[in-house]
Amino acid sequence: MARNKHPEETVNLILDAAFRLFIEKGYEHTSIQDIIGQLGGLSKGAIYHHFKSKEDILIAVTDRITASSNQMLAVIRDRQDLNGKEKLKTIFKESICRPVQNDIFTVAPAFYSNPKLLFSLMQDTIKNVAPDYIQPIIRQGIADGSIKTEYPEQLSELILLAANVWLNPMIFDSTVEESCRKFIVFDQMLKGFGLDLLDQEMLNRLQELTDIYQKNK
């Protein structure tokens, strides 16, 4: 591979190769050498010029997926045909049913042994996703009467942390049965706030994704 390519192109080639391997072999079973082997002669030094570790490559791959997710969230947030509560339900359904989730759960990073990656997920949830996407929807719901709370900021953070962290089988290495029980409790919690957002289709999908994770970890 030529060494004079633009840095952005080299980074994209590395991320494309890493993502393919993470899907095929799983994150834990993919080495830097495996990634190099997919890049037609790019040296290990060239990879480390852009990324400090395999974990940093995973974070960059995840950032790509997050960008796509945030675009989806923005579209739903800005819809004019739904009230606040309907937007939240649409976000839950779209998020869990997206085909890319199969790839994410196949990659199956061990969050519990990667604190840097887990902290990155939680930080993005609190600093970006909650204030930029969920909180505006909750405030709309307060205005249109479909959501009742005096604490939109805290409710948006609670919902996302419960959904993205506590309910995430990749973080707690949950079995299908454990994920099902957490889903039921999460549904009960949301209904306590007057938010009937979850349904059987979402539960079935969570069970499917958990099974994918358990088979590929």
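Calculation criteria
- Residues numbered from 1 in each chain as written.
- Predicted model: local features only at pLDDT ≥ 70, side-chain atom pairs only at ≥ 80, totals over all residues.
- Heavy atoms only, no water.
- Helix = DSSP H or I, 4+ residues; strand = E, 2+ residues; numbered from the N terminus.
- Contact = heavy atoms within 4.5 Å.
- Areas by Shrake-Rupley, 256 points an atom, 1.4 Å probe, with all protein chains shown as cover.
- Lys, Arg positive; Asp, Glu negative; His and termini not counted.
- Charge placed at Lys NZ, Arg CZ, Asp CG, Glu CD.
- Patch = residues over 30% accessible without salt bridge, like charges linked within 9 Å, V, L, I, M, F, W, Y side chains within 5 Å.
- Salt bridge = Lys/Arg side-chain N within 4 Å of Asp/Glu carboxyl O.
- Buried < 20%, exposed > 50% of the residue type's maximum accessible area, 1.4 Å probe, protein only.

1. Section: the overall build of the chain
Looking only at helices and strands, the chain has 11 helices and 0 strands in total. Partitioning the intrachain contacts of the chain with sequence separation of at least 6 by distance along the chain shows that 69% fall at a separation of at least 24. Total accessible area on the chain is roughly 11100 Å²; 53% of this is exposed by carbon and sulfur atoms. Across the chain, the 25 positively charged side chains and the 29 negatively charged ones have centroids separated by 3 Å.

2. Let's talk about a nonpolar patch on the surface
Together, W166, F172 and V185 line one region of the surface with nonpolar side chains, adding up to about 280 Å² of accessible area. Looking at where F172 falls in the secondary structure, it is placed in helix α9 (residues 169-172).

3. Considerations on the environment of I159
Assignment of secondary structure puts I159 in helix α8 (residues 152-166). What makes I159 buried here is its relative accessible area of 3%. Once the C-alpha coordinates of I159 and A130 are considered, the two residues, 29 residues apart in sequence, prove to be 8.9 Å apart. Those residues in contact with I159, other than ones at most four positions away along the chain, are F92, I138, F186, L190 and L195.

4. Observations concerning the pattern of salt bridges
Inspection of the entire model under this criterion finds 9 salt bridges. With a shortest N-O distance of 2.8 Å, D199 and K93 are connected by a salt bridge. With D199 in the loop between α10 (176-192) and α11 (200-216) and K93 in helix α5 (residues 84-97), this pair connects stretches of sequence that are 106 residues apart. Residue classification places D199 among the partly exposed residues on the basis of a relative accessible area of 23%. One salt bridge connects K215 with D211, and the closest N-O pair in it is separated by 3.1 Å. Of the two residues, K215 and D211 both sit in helix α11, 4 residues apart, roughly one turn of that helix. Residue K215 is classed as exposed on the basis of its relative accessible area of 64%. For D211, a relative accessible area of 31% puts it in the partly exposed group. Connected through salt bridges with shared partners, the residues K93, D199 and E201 form a single ionic network.

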